[in-house]
Amino acid sequence: AQSVAQPEDQVNVAEGNPLTVKCTYSVSGNPYLFWYVQYPNRGLQFLLKYITGDNLVKGSYGFEAEFNKSQTSFHLKKPSALVSDSALYFCAVRDADNTDKLIFGTGTRLQVFP
Amino acid sequence: ETGVTQTPRHLVMGMTNKKSLKCEQHLGHNAMYWYKQSAKKPLELMFVYSLEERVENNSVPSRFSPECPNSSHLFLHLHTLQPEDSALYLCASSQEIDSSGYEQYFGPGTRLTVT
């Protein structure tokens, strides 16, 4: 069965510092990996995805994520955090070979302090 | 916001009421989804529709009844709900549902409170 884990409920970072939000996954086939962001009282907004190709994926608002097959990870990163990046971040995975279902993690709240 | 709209944004209903949530997507997508988002729980997939045909019913109680009259509209009919059904209900759409890399686009959600 496919699954995704976000080990941190909350990540705190100072504005201007780099940020990392962690995600690990488990699928039996090849993974399709996604990051979404949710601002207060809003729906989820697509940030970026890994399907195939270059392991480093660049997305919206300066975010990027690196696919690491050996560590089954897809951590979200940004070189310099902004206060406006404060939100809830969700990692999601789909098993490319087995199912059309997208499985979401429990979310990580990112708090960027001025 | 994305090209997916949901109405109403907030809904308070009693356990004996009947109400409906509406979702509309303006993206030309073929697949639509209902999710339930509760505090401190992973997003729960409820229903999946592809080209107006239901392809997934994720063990959802019968007090939730979906309807997809066309590929742009999706409804969730609610009746005799329980307080534990209070949550944010999110609608999403994607280009296709097959095993592909298409991302889903979400609406802003309906915050449902059952009293």
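These numbers were taken from a predicted model, which means no experiment stands behind them.

**Quick word on the nonpolar core**
Note that soluble globular proteins tend to have their nonpolar side chains buried in a common cluster.
Phase 1: Counting 27 residues, the largest nonpolar core has Trp 35, Leu 47, Leu 48, Phe 74, Leu 76 and Tyr 89 of chain A as the members making the most contacts within it.
Phase 2: Contributing elements (two or more residues each) for this core: strand 2 (10–14), strand 3 (19–21), strand 5 (31–38), strand 6 (44–50), strand 8 (64–68), strand 9 (73–78), strand 10 (87–95) and strand 12 (108–113) of chain A.
Phase 3: When residues of this core are assigned to their parent elements, the largest contribution, four residues, is made by strand 10 of chain A.
Phase 4: Met 32, Cys 68, Ala 87 and Tyr 89 of chain B belong to the second largest nonpolar core, which has 22 residues in total.

**Let's talk about the interface of chain B and chain A**
Phase 1: Facing 22 residues of chain B, the contacting portion of chain A comprises 23 residues.
Phase 2: When the two sides are added together, the surface that chain B and chain A hide from each other amounts to roughly 1800 Å², 49% of it contributed by carbon and sulfur.
Phase 3: Applying the counting criterion to the chain B and chain A interface returns one salt bridge.
Phase 4: Here Lys 49 of chain A makes a salt bridge to Glu 103 of chain B, at a shortest N to O gap of 2.7 Å.
Phase 5: Taken together, chain B and chain A are joined by four residue pairs in polar contact (both at pLDDT 80 or more).
Phase 6: Listing elements by their share of the side of chain B that touches chain A, those giving two or more residues are strand 4 (31–37) and strand 9 (87–94) of chain B.

**Here we look at the state of the cysteines**
Residues and elements named next belong to chain B.
Phase 1: Applying the stated rule across the entire model yields two disulfides over all chains.
Phase 2: In this model Cys 23 forms its disulfide with Cys 91; the gap between the sulfur atoms is 1.9 Å. The S-S bond linking Cys 23 to Cys 91 shows a torsion near -70°; that makes this disulfide left-handed. Placement of Cys 23 in strand 3 (residues 18–25) and of Cys 91 in strand 9 is noted, with a sequence separation of 68 residues between them.
Phase 3: Cys 68 takes part in no disulfide bond, and the closest cysteine sulfur, belonging to Cys 91, lies 9.0 Å away.
Phase 4: Given a relative accessible area of 10%, Cys 68 falls into the buried group.

Quick notes on the rules
Residues numbered from 1 in each chain as written. Chains lettered and ligands numbered in written order. Predicted model: local features only at pLDDT ≥ 70, side-chain atom pairs only at ≥ 80, totals over all residues. Heavy atoms only, no water. Core = buried A, V, L, I, M, F, W, Y, C linked by side-chain atoms within 4.5 Å. Buried < 20%, exposed > 50% of the residue type's maximum accessible area, 1.4 Å probe, protein only. Helix = DSSP H or I, 4+ residues; strand = E, 2+ residues; numbered from the N terminus. Contact = heavy atoms within 4.5 Å. Buried area = accessible area lost by both parts, 1.4 Å probe. Salt bridge = Lys/Arg side-chain N within 4 Å of Asp/Glu carboxyl O. Polar contact = N/O pair within 3.5 Å; in protein donor to acceptor, adjacent residues only side chain to side chain. Disulfide = S-S within 2.5 Å.

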